[in-house]
Amino acid sequence: MKIFHVPCLEDNYSYLIIDESTKEAAIVDPVEPEKVLEAAKQHGVDLKIILTTHHHWDHAGGNEKMKEMVPGIKVYGGSLDNVKGCTDKVENGDKISLGANVNILSLHTPCHTKGHISYYVTGKDGEDPAVFTGDTLFIAGCGKFFEGTAEQMYQSLCVTLSSLPKPTQVYCGHEYTVKNLQFALTVEPDNTKIQQKLSWAQQQRQAGLPTIPSTIEEEMETNPFIRVDLPMLQKLVGFHDPIEALREIRRRKDNWRG
């Protein structure tokens, strides 16, 4: 299994997932079809499926054009999310296969949108799994609660995604990492892992390189939204309950002008 970034729009990422043995590929959130098809051509792959994380235009807006340009391509999207161009609706636990060795598990991760899906992808034994989290989990952040509640985001981040194996590579929908880490330091100013990752992320961006992927393990060390079960973090934001702490951190982030 190989994964390649396809930068789109101002700060979005689409991702090409390739089954190396068959050269069949999936594309996550192909908002700019021409760019995506060029990437597929460069890698010599046959695009078979689109994995849509959620219905927002900057993720699903390229689906109809992709269907015109790649006749027969399947478009997967959350059953509750009214995804543009969707041919195959998925729910939590639904499985999709790609080529000979790539398996995709749909995880319902609602809050940013009510039908948001994260896709957990595994390849051959020995390869690290990956999860494509759209706008639910960002590197050191999470999506705005547009269609859901703190309770739902807690379930999505701290139960569903946190339960994935720690080496799982995290591929999210936007390049927001530097700002997210700067904000994370306002919540946990003494967290050296956040300080170190911010310094690294700034160097990556200055070199024109992505800060993605992260891992589930790194997120559990540096992402305040996923760390709300820690009593120390709850105390820092003035609550003794993880959901209330999550709600408070999101409120602060919404008002932060860093």
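In this report, the structure presented in the accompanying data block is examined. (Residues numbered from 1 in each chain as written. Predicted model: local features only at pLDDT ≥ 70, side-chain atom pairs only at ≥ 80, totals over all residues. Heavy atoms only, no water.)

## Considering the sheet that holds strand E9 (residues 117–122)
Then, number 1: Sheet architecture is open: six strands sit in the order E7-E8-E9-E10-E13-E14, paired in mixed fashion. Each end of this open sheet is capped by a strand with a single partner; those strands are strand E7 (95–98) and strand E14 (214–215).
Then, number 2: In the sheet, E7 pairs with strand E8 (residues 102–108) via four bridges, with the strands oriented antiparallel. Among the inter-strand pairings, Ser-97 is bridged to a residue of E8, identified as Asn-103. (Pairing = 2+ DSSP bridges. Helix = DSSP H or I, 4+ residues; strand = E, 2+ residues; numbered from the N terminus.)

## With respect to the state of the cysteines
Two cysteines form a disulfide when their sulfur atoms are joined by a covalent bond.
Then, number 1: Under the definition given, this model contains zero disulfides.
Then, number 2: The cysteine Cys-8 is free of any disulfide, with Cys-172 supplying the nearest cysteine sulfur at 14 Å.
Then, number 3: Among the residues examined, Cys-8 registers a relative accessible area of 1% and is labelled buried.
Then, number 4: Note on Cys-111: no disulfide assigned, nearest cysteine sulfur contributed by Cys-142 at a separation of 7.2 Å.
Then, number 5: Residue classification places Cys-111 among the buried residues on the basis of a relative accessible area of 0%. (Disulfide = S-S within 2.5 Å. Buried < 20%, exposed > 50% of the residue type's maximum accessible area, 1.4 Å probe, protein only.)

Don't take any of this as a statement about function, it's just geometry.
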